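# Survey of secondary and tertiary structure
In case you want the letters, here they are:
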Amino acid sequence: MDTGDCVDRSKRIGARERWATYVVFMGTGTLISAWAPLIPFARFRLGIGEGELGILLLFLGGGSLIGMPLTGLLTARLGCRMVMVGGTLVAAAVLPFLAVSTSFIGMAFALAIFGGAMGTIDVSANIQAVTVEKRMGLSLMSGFHACYSIGGFIGAGGLSGLLKLGFGPLEASFALGLLVVASVCSRAMGFISYANDGGKSPPLFVFPKRLVLFIGVFSALVFMAEGAVLDWSGVFLVQYRGAETYAAGFGYAAFAVAITIGRLVGDRLINAVGAHQVLLAGGLVAATGFAMVLALPSQSLALCGFMLVGFGAANIVPIMFKAAGLQTLMPANLAVAVVTTFAYGGNLMGPALIGLIAHLVDLRVAFAMLAAIMAFVALAGRTVVPDR
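Because the structure is a prediction, the values reported are computed rather than measured. (Residues numbered from 1 in each chain as written. Predicted model: local features only at pLDDT ≥ 70, side-chain atom pairs only at ≥ 80, totals over all residues. Heavy atoms only, no water.)

### Concerning the packing of aromatic side chains
Our working definition: Here is the rule: rings of Phe, Tyr and Trp (six-membered ring for Trp) pair when centre to centre is within 6.5 Å. Planes less than 30 degrees apart are stacked, more than 60 are edge-to-face, and the remainder are tilted. Helix numbering and strand numbering both begin at the N terminus, where a helix is a DSSP run of H or I of at least 4 residues and a strand a DSSP run of E of at least 2. When a residue's accessible area, from a 1.4 Å probe over protein chains only, is under 20% of the maximum for its type it is buried; when over 50% it is exposed; and in between it is partly exposed.
Scanning the entire structure with this criterion turns up nine aromatic pairs. The interplanar angle of 35° and the centroid separation of 5.8 Å between the aromatic rings of Tyr252 and Phe255 together place this pair among those described as tilted. Taken as a pair, Tyr252 and Phe255 lie in helix 8 (residues 250-273) at a separation of three residues, close to a single helical turn. Judged by its relative accessible area of 3%, Phe255 falls in the buried class. Measuring from centroid to centroid gives 6.3 Å for Phe306 and Phe367, while their planes differ by 80°, and the two rings are edge-to-face. Placement of the pair is Phe306 in helix 10 (residues 299-313) and Phe367 in helix 13 (residues 363-380), with a sequence separation of 61 residues. Each member of the aromatic cluster is reached from another via a ring pair, and the members are Phe236, Tyr240, Phe290, Phe306 and Phe367.

### Quick word on the packing of helix 9 (residues 275-295) against helix 10
We count it as follows: Orientation is described by axes fitted as lines to C-alpha atoms, over the contacting stretch for helices, and by angles from 0 to 180 degrees between their N-to-C directions. When describing relative orientation, an angle under 35 degrees is termed roughly parallel and one over 145 degrees roughly antiparallel, while 65 to 115 degrees is termed roughly perpendicular and anything else oblique. Whether a crossing is left-handed or right-handed is set by the direction in which the near helix is turned from the far one by less than a right angle, anticlockwise for left-handed and clockwise for right-handed. It only takes one pair of heavy atoms within 4.5 Å for two residues to be counted as in contact. Under the convention adopted here, Pro, Cys and the residues Ala, Val, Leu, Ile, Met, Phe, Trp and Tyr are nonpolar, Asp, Glu, Lys and Arg are charged, and Gly plus all remaining residues are polar.
Helix 10 packs onto helix 9 with a crossing angle of 165° between their chain directions and a minimal axis gap of 7 Å. If you check the angle between helix 9 and helix 10, you find them roughly antiparallel. Crossing hand, helix 9 versus helix 10: left-handed. For the pair formed by helix 9 and helix 10, the contact residues are Gly282, Gly283, Val285, Ala286, Gly289, Phe290, Met292 and Val293 on the first element and Leu301, Ala302, Cys304, Gly305, Phe306, Leu308, Val309, Gly312 and Ala313 on the second. In terms of residue class, the contact of helix 9 with helix 10 is made up of 12 nonpolar, five polar and no charged.

### Things to note about the packing of helix 3 (residues 80-100) against helix 6 (residues 169-186)
Where helix 3 contacts helix 6, the axes come no closer than 8 Å and their chain directions differ by 175°. For the element pair helix 3 / helix 6, the angle class is roughly antiparallel. Together, Val85, Thr88, Leu89, Ala92, Leu95, Pro96, Ala99 and Val100 of helix 3 and Pro169, Leu170, Ser173, Phe174, Gly177, Val180, Val181, Val184 and Cys185 of helix 6 make up the contact between the two elements. Along the lines of polarity and charge, the residues of the contact of helix 3 with helix 6 split into 14 nonpolar, three polar and no charged.

### Side note on the pattern of salt bridges
Inclusion rule: When a carboxyl oxygen of Asp or Glu lies within 4 Å of a side-chain nitrogen of Lys or Arg, that pair is called a salt bridge.
All chains considered together, the criterion is met by three salt bridges. Note that Arg16 is salt-bridged to Glu17, the shortest N-O span being 3.4 Å. On the basis of relative accessible area, Glu17 is assigned to the buried category, the value being 7%. One salt bridge connects Glu226 with Arg263, and the closest N-O pair in it is separated by 3.8 Å. With Glu226 in helix 7 (residues 210-240) and Arg263 in helix 8, this residue pair connects regions lying 37 residues apart in the sequence. One exposure class covers both Glu226 and Arg263, and it is buried.

Keep in mind that these numbers describe shape and distance, not what the molecule does.
Shown next, in the form of structure tokens:
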């Protein structure tokens with residue numbers, strides 16, 4: 001019996017579970033993106049520079065990387081519902097501390113807890129998504145991830161809007177956290193509560209199978225490209241395309257809009273032509289986008305290139321998560337935890353690697369490497385992805 005699904009086979013999976021999954025993905029994106037507008041306030045209160053801020057962000061990423069591998073075990077023993085609701089409550093409770101902490105150590109500790117909670121929600125939400133998609137027999141993963149992207153706009157934009165209206169960081173973060181908690185808890189009955197088929201306790205550790213490791217590596221490569229656009233597109237536009245400083249964020253904005261639209265239509269594309277074709281075309285489109293950014297000496301065309309990267313990359317990671325759920329070599333909940341950890345690791349390490357290459361050689365060389373990586377994912381990633 002497959003112990004990969006954290007759901008009782010006698011229970012029907014339907015619209016209630018589907019909409020609950022949309023909500024938890026949107027809530028996760030909202031909470032993590034709400035931290036971005038709080039960063040300038042944190043720097044001012046703590047009186048720190050870029051170096052100290054970088055150290056703090058390591059605690060955020062470290063907390064996530066610790067929480068993610070443990071979540072597969074937690075969901076197998078406790079069920080997705082308890083883990084997702086618990087993680088949401090913890091993250092929402094810690095968010096106001098990030099808005100008011102005046103101690104470097106206290107902020108580091110709070111960020112580690114916040115990162116661990118977010119990592120836990122992220123993995124358990126993807127486990128829920130894999131199970132719902134598999135049981136309903138539909139392609140839904142891209143839509144779930146689109147809700148995460150929409151949540152990103154809600155979190156960053158909503159908190160910034162509250163600050164603009166005169167709310168303090170504490171009040172704004174508390175209000176946004178309360179909204180997410182209310183939304184997630186209102187859909188809690190749609191979260192999968194059953195822990196493990198057959199009542200068997202999952203092993204404490206399962207060494208990832210080769211197929212799962214490959215899926216994780218491909219996911220990490222795509223997340224590396226996404227993280228590079230976030231951290232380095234502005235630098236590229238200013239340094240090589242003559243953009244004004246105020247326009248530095250336009251590259252990532254174009255990318256973010258494109259990746260959201262791409263995910264909103266992704267499930268229809270996969271249903272129409274199959275995952276193989278979407279992965280192949282997506283990787284090649286993303287590679288073309290990076291090449292366009294490099295080859296055409298125009299700021300507006302560079303923005304179009306970043307949009308192509310977003311459209312191309314939009315559905316690759318959702319397809320990889322689906323592949324992790326469909327493989328039968330290891331329990332799906334543990335496989336999803338492995339893939340999520342790899343992906344997040346790529347998102348953390350990728351921008352640093354791009355920075356190192358830019359320092360040693362040139363940022364354009366780093367972007368050329370990203371084009372080659374996306375082409376490689378398009379051609380090689382198809383070997384681990386089922387067609388339907």
